[in-house]
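Observations on the three-dimensional arrangement
Each chain, written out:
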Amino acid sequence: MTVDAPAGPAPACACLTAGQAQAAQADQLLSPLLPALLPWLVTQRWFTHEHGCMSELAPVIGSVLQADQDAPALVDLLVDARYPSAAPRRYQLLFGLRRSLPAELARAAIGRAVGGRWDGWWLYEATADPELMSLLLDGTAAGHGADSLRLSTVTAEPIPAGLVPRVLAVEQSNSAVVFGNRLMLKIFRQPEPGPHPETEVLTALTRLGSTRTPHLAGWLHTPGSAQDSTVLAIIEDFLPSDGDGWELAVRQAVDCISDDRRGPAVIDGFTEDTHDLGQAVAQVHQALAQAFPASRLKAQQIIDLAADMDRRLKDSVAAVPELEAYCSRISAVYDDFVKVALQGSGLDGQRVHGDLHLGQVLRTRDGWKVIDFEGEPARPLSERGLPQSPLRDVAGMLRSFDYAAQHALTELRAESPAAETTGTGAGAVGAGTVERLRQERRALAWSVRNRRSFCAGYAEAGATDPRLHPIAMRAFETDKAVYEALYEATHRPEWLPVPMTAIRRLLGNREATTAAPGRGQQPTSRVRPEKD
């Protein structure tokens, strides 16, 4: 098996550092592929366009797996996309190279290599090729991987060989290949050097015997210590499921909103699931508290946490001018959080998921499973493992129910536009307007009931009851909504009203609560902020 990159001139490489030599070899791999690669790269779901036009695509390290010189080759490249006025962003690219392309791989084609060792060969997305994916998993598991590609395992149990691979055709920021419906290779398209949150968390939870998360078999990485190497992919249990929580929630919300019948039986159609989901998330939090150090957050940590939220708010205003009118009132929400946390017994801090929402959970035959422990995307990798309040995860899930309800509304309105207004004069009533209002009320009711059901399940599993911490929950939900507003303004402006409506509701509930005599900071047995 050929495992080395094409050799460059020996004298030129002899005086280079290890990192420079790796980059030189990677450049020899990359240069012949660039003419076909660049137009394809910018169309990929996982490629980031936030920094404007890219000035350079610089190679970092490369690996080649190939049975012999005429066989299909798998190229694994780390490259840095560089920009004139922004920090570079690193990507992992996996290509296949063949002299001729079979019909079944035509849709994965990128173009042809120009010059170099593979001049004229077809270049294509490697994850679509079962032969190359088998070469990647079986080769590295057997110890035949390239020098720049290593495999670490969680236990002494070997990675099964000979499993048939298939790529999961889903739109997401990573790529996934399933092997024999037993294992899943999750490929990180934007890897960063250093310890990876998902390998840390899943290694600990696998050794703990967690039943609410996939077990980790191992991970692929570049050479070096845990602090220096880069995790490229993880190998975990594949979890067959009915779908992720987002798909299931939106489907049920559509049914609820479109149903003309009245009564709890219609609105509560998903609440049993969300109650069980709350219990599952609580159990994961309990396992994380057991696997990693947990402690009470100190006063300065709480002050710093609120300052970080306020800083995110101020930074977001430039991109989302709609936030400016609410800045002082949002800051007051964060001030409330600090005052209550410091006056009371403080706040629990522990390892958390960091990016929890309905798309990060799967409903399997064994119940809900929590997946994707990469942490909050906006945080640097080094900060994602810091202790945080588990209520932040709860707030993320509650916001997700709101989004599911609004997404269901959008689907229904796209399928059935509102009817024309009927009647004449000032008293004319549009049938479409009446139906629109009915759907909006039903969507709100669906969201409220499922949020409450989730919190009830979470508390019944023995975790901190979110309903007894309305001030902290309001702060965390508001912070999440500000993050959503920035995201929507940048990527999906038509969705900006969703987080802005949530912010107005959260602020309105705060003002109604603080204005009510005798209620002040009293805990409540109901989930805030909602009203029937």
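The structure reproduced in this document is the subject of the present report. It should be emphasised that the depicted structure is a prediction, and the values quoted were computed from it without experimental measurement.

Before going further, it helps to spend a moment on the overall build of the chain. Helix and strand counts for the chain stand at 14 helices and 17 strands. Within the chain, buried positions represent 51% of all 532 residues. Across the chain, contacts joining residues at least 24 apart in sequence account for 70% of those joining residues at least 6 apart. Of the accessible surface of the chain, which amounts to about 24100 Å², a share of 52% is contributed by carbon and sulfur atoms.

All right, on to helix H13 (residues 470–491) then. For H13, with 22 residues, the first-to-last C-alpha span of 31 Å sits near the 32 Å given by 1.5 Å per residue. Counting buried residues in H13 gives 16 out of 22 residues, a clear majority hidden from the surface.

The nonpolar side chains of soluble globular proteins are, as a tendency, buried together. Counting 78 residues, the largest nonpolar core has Phe 337, Trp 446 and Phe 476 as its most contacted members. Here the element with the most residues in this core is helix H11 (residues 391–415); it accounts for 11 residues. Residues in contact with Phe 476, not counting those within four places in the same chain, are Leu 305, Met 309, Phe 337, Leu 347, Ser 389, Leu 391, Arg 392 and Ala 395. If you look at the next biggest cluster of nonpolar residues, it comprises 27 residues, including Ile 61, Met 133, Ile 187 and Ala 233.

Attention now goes to the environment of Leu 232. For Leu 232, the position within the fold is in strand S11 (residues 231–237). For the pair Leu 232 and Tyr 91, spaced 141 residues apart in sequence, the C-alpha to C-alpha distance is 9.9 Å. The contacts of Leu 232, once residues within four sequence positions are left out, are Asp 76, Leu 78, Gln 92, Leu 149, Lys 186, Ile 187, Phe 188, Leu 220, His 221 and Thr 222.

Here the focus is the side chain of Lys 369. Topologically, Lys 369 is positioned in strand S15 (residues 367–370). There is no salt bridge for the buried Lys 369, and the closest opposite charge comes from Asp 366, which lies 4.6 Å off by N-O distance. In this structure the side chain of Lys 369 is engaged in a polar contact, spanning 2.5 Å, whose partner is the backbone oxygen of Thr 211. Those residues in contact with Lys 369 that lie beyond four places of it in its chain are Thr 211, Arg 212, Thr 213, Leu 239, Gln 360, Val 361, Leu 362 and Thr 364.

Calculation criteria
- Residues numbered from 1 in each chain as written.
- Predicted model: local features only at pLDDT ≥ 70, side-chain atom pairs only at ≥ 80, totals over all residues.
- Heavy atoms only, no water.
- Helix = DSSP H or I, 4+ residues; strand = E, 2+ residues; numbered from the N terminus.
- Buried < 20%, exposed > 50% of the residue type's maximum accessible area, 1.4 Å probe, protein only.
- Contact = heavy atoms within 4.5 Å.
- Areas by Shrake-Rupley, 256 points an atom, 1.4 Å probe, with all protein chains shown as cover.
- Expected span 1.5 Å × (residues − 1).
- Core = buried A, V, L, I, M, F, W, Y, C linked by side-chain atoms within 4.5 Å.
- Lys, Arg positive; Asp, Glu negative; His and termini not counted.
- Salt bridge = Lys/Arg side-chain N within 4 Å of Asp/Glu carboxyl O.
- Polar contact = N/O pair within 3.5 Å; in protein donor to acceptor, adjacent residues only side chain to side chain.

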